[in-house]
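Chain residues, written in single-letter form:
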Amino acid sequence: MSEQRPDGITPSQTVGPYFKYGLTPNGEYAWNDAFSNNLVTPDVSGARIRVEGVVYDGDGVPVPDCMLEIWQADAQGRFSDPQDARALPNNSFKGFGRIGTDAKGGYAFDTIKPGQVADPDDKPQAPHIVLAVFARGMLLHLYTRIYFDDEEANATDPVLALVPADRRATLIAQRKAGATNPSYVLDVHLQGDNETVFFEV
Amino acid sequence: MTLLYPLQSLAAHPPRLSPAYRSTVKRAPSKPLIPMRHTLSELTGPVYGHETVRENDNDLTIQHKGEPLGERIIVHGHVLDEDGRGVPSALVELWQANACGRYIHVVDQHPAPLDPNFTGAGRVQTDASGYYRFITIKPGAYPWGNHHNAWRPAHIHFSVFGHSFISRLVTQMYFPGDPLFPFDPIFNSVTDERARARMISSFDLENTQPEWALCYRFNIVLRGRNATPMENKQ
Ligand SMILES: [Fe+3]
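Computed from a prediction, not measured in an experiment: that's the story for all the values here.

So, how was this worked out
- Residues numbered from 1 in each chain as written.
- Chains lettered and ligands numbered in written order.
- Predicted model: local features only at pLDDT ≥ 70, side-chain atom pairs only at ≥ 80, totals over all residues.
- Heavy atoms only, no water.
- Buried < 20%, exposed > 50% of the residue type's maximum accessible area, 1.4 Å probe, protein only.
- Helix = DSSP H or I, 4+ residues; strand = E, 2+ residues; numbered from the N terminus.
- Pairing = 2+ DSSP bridges.
- 1 Å grid on protein atoms, 1.4 Å probe; cavity = no way out; pocket = protein on both sides within 12 Å on 5 of 7 lines; lining within 4 Å.
- Points joined across faces, edges and corners; volume = space filled by probe spheres on them.
- Nonpolar A, V, L, I, M, F, W, Y, C, P; charged D, E, K, R; others polar.
- Donors = N, O, S within 2.8 Å, 3.2 Å for Na, K, Ca; no water.
- Tetrahedral: all angles 85-135°; square planar, octahedral: opposite > 155°, others 65-115°.
- Salt bridge = Lys/Arg side-chain N within 4 Å of Asp/Glu carboxyl O.
- Contact = heavy atoms within 4.5 Å.
- Buried area = accessible area lost by both parts, 1.4 Å probe.
- Polar contact = N/O pair within 3.5 Å; in protein donor to acceptor, adjacent residues only side chain to side chain.
- Axes fitted to C-alpha atoms, helices over the stretch in contact; angles between N-to-C directions.

Asker: What am I meant to see in the pairing of strand β8 (residues 155–160) of chain B here?
Answerer: Two faces, one strand: in a regular strand the side chains alternate between the faces of the sheet. All names here are of chain B. Burial runs high along β8: six of the six residues are buried. Neither face of β8 is open: one carries His 155, His 157 and Ser 159, the other Ile 156, Phe 158 and Val 160, and all of them are buried. In this structure, β8 lies alongside strand β9 (residues 169–174), joined through six bridges in antiparallel fashion. Following the sheet pairing, Ile 156 is matched in β9 by Met 173.

Structure representation (structure tokens):
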């Protein structure tokens, strides 16, 4: 069946307040999760980390009905997607996670520290996780990145370099002292003085 | 060869700040987004999740002991990219209110009955050509308190994964001829009339099943990589 070339993409609409039972039931609803916030399987190689934080709106109020999705490379910098055709050994790491924020706006992902991925000029980017933010009151999701404060490569990362110096901190997760597995904290501010840097992609 | 996802396509989307939809006022960024080139991180995307799709997850009318109340419908369509290419093996997730306009979500306190035989969530994987099909119940309109006498037109929420993380789409499917269209700030947040029309399903008599269910067609168009190779250096 052949169809005409479409006259444009389907517009985005908000996930609304009621996505949880469909997209992130998390045991609270009788529906099976397609994805979770734990990306680690026993056979995955790489440093186990946790990334956590709170999502805030423009009044600094936590957002309890937000959905976060992450996408990242494995520890050697390879994506679990056939489009990543580079000759790097494959492993079982899938690299995608999803969570709905809790009543206090909190989120956490258990994952591994990603490796470095080159930019289109073959310049290495610092290790990072791509983050998409969805919520009631957001007609179109937002894209941002999670970097790590203990990576020297941040200083030469080509994407961080696009960001005014005084806003870079909004993208850099801070390592928490004391935890057994390294835990990094990054809050997301949808709007306001500490507004997270979002990218147009 | 790296292919380019044209940014102009994003013009179809609603502006993030759309004050008639009140919740956008405190949840839209106030600073301009920073443009960046697409790297592998943006151009790749999850190609799994399908292993959790069970055979009947696309039939929302058989998830419980009895049949849900309401008007049984078939919703089907083509997931394609903006260049007209079908998107095979795409994960399509949906969620919706029941026939009375009530979600099972605990936060939904609209005084309309829950249906013990209806969860209102489904998922399916598109076939090798990009087609999908659901069987469900036509959702009811519901009030939402955005303004006086605010009612959402009947809609089904869709979540779709395309080829890359930046072709991700969450949208809503509407039903043709809904009298609430002129009054809904979410529907009308899409300012271009032709783009709005792409969110409205069409009645499909050809695939309506006699003595059983009306059929609606809803094609979903994702961002695509046009055939122009991306210049490596801009
Ligand atoms: Fe809804």
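Asker: Can you help me understand the layout of surface pockets in this one?
Answerer: By rolling a water-sized probe across the atoms, one finds the places where empty space is left. Space inside the largest pocket adds up to approximately 700 Å³. Elements supplying a minimum of two residues to the lining of the largest pocket: β3 (96–100) of chain A together with β6 (142–143) of chain B. The dominant element in the lining of the largest pocket, judged by the number of residues it contributes, is β3(A), at three residues. Class assignment for the residues of the lining of the largest pocket results in 15 nonpolar, 15 polar and nine charged.

Asker: Help me understand the coordination of the iron ion, please; the structure alone is not making it clear to me.
Answerer: The expected angle between donors at a tetrahedral four-coordinate metal is 109.5 degrees. At an octahedral six-coordinate metal it is 90 or 180 degrees. All names here are of chain B. Bound to the iron ion are the protein donor atoms Tyr 103 (OH), Tyr 142 (OH), His 155 (NE2) and His 157 (NE2), situated 1.9 to 2.2 Å from the metal. Relative to the metal, the four donor atoms surrounding the iron ion lie at angles of 92 to 160°, and the coordination shape comes out irregular. Here the donor residues for the iron ion map to a single chain with the spacing Y-x38-Y-x12-H-x1-H. Note that Tyr 142 is positioned in strand β6 and His 155 in strand β8, a separation of 13 residues in sequence.

Asker: Is there a simple way to think about the pairing of β3(A) in this case?
Answerer: Residue and element names in this part refer to chain A. Among the five residues that make up β3, five are buried, leaving the element largely enclosed by the rest of the structure. Side-chain alternation along β3 places Phe 96, Arg 98 and Gly 100 on one buried face and Gly 97 and Ile 99 on a second face that is also buried. Here strand β2 (residues 66–71) pairs with β3 via five bridges, running antiparallel. The partner of Trp 71 across the bridge, within β3, is Phe 96.

Asker: Can you walk me through the pattern of salt bridges in this structure?
Answerer: In a structure, side chains of opposite charge can pair up when their charged atoms sit close to one another. In the structure shown here, the tally under the stated rule is 25 salt bridges over all chains. Here Asp150(A) makes a salt bridge to Arg175(A), at a shortest N to O gap of 3.6 Å. Highlighted residues: Asp150(A) in the loop between β6 (142–148) and β7 (172–176) and Arg175(A) in strand β7, separated in sequence by 25 residues. Owing to a relative accessible area of 44%, Arg175(A) belongs among the partly exposed residues under this scheme. A cluster of three or more residues bridged by salt bridges with shared partners is formed by Arg5(A), Asp81(B), Asp83(B) and Arg85(B).

Asker: What is the right way to read the interface of chain A and chain B from this model?
Answerer: In this complex, chain A contributes 83 residues to the contact, which on the side of chain B involves 96 residues. Carbon and sulfur atoms supply 58% of the area buried between chain A and chain B, which totals about 7800 Å² over both sides. The three residues of chain A that bury the most area against chain B are Ile9(A), Gln13(A) and Tyr18(A), which together make up 11% of that side's buried surface. Between the two partners, chain A and chain B, sit 10 salt bridges. A salt bridge links Arg98(A) to Glu93(B); its shortest N-O distance comes to 2.9 Å. In this structure, the connection of chain A to chain B is made through 51 residue pairs in polar contact (both at pLDDT 80 or more). Where the side of chain A that touches chain B is concerned, the elements lending two or more residues are α1 (20–23), β2, β3, β5 (129–135), β6 and β10 (199–200) of chain A. Across the side of chain A that touches chain B, the residue classes break down as 45 nonpolar, 16 polar and 22 charged.

Asker: Would you mind going over the sheet that holds strand β4 (residues 121–125) of chain B with me for this structure?
Answerer: Hydrogen bonds between backbone groups are what pair the strands of a sheet, and the pairing can be parallel or antiparallel. All names here are of chain B. As summarised here, the arrangement of the four strands in space is β4-β3-β8-β9, forming an open sheet in which the pairing is antiparallel. In this open sheet, the two edge strands, each paired with only one partner strand, are β4 and β9. Going across the sheet, the axis of each strand differs from the next one's by a mean of 25°, ignoring polarity.

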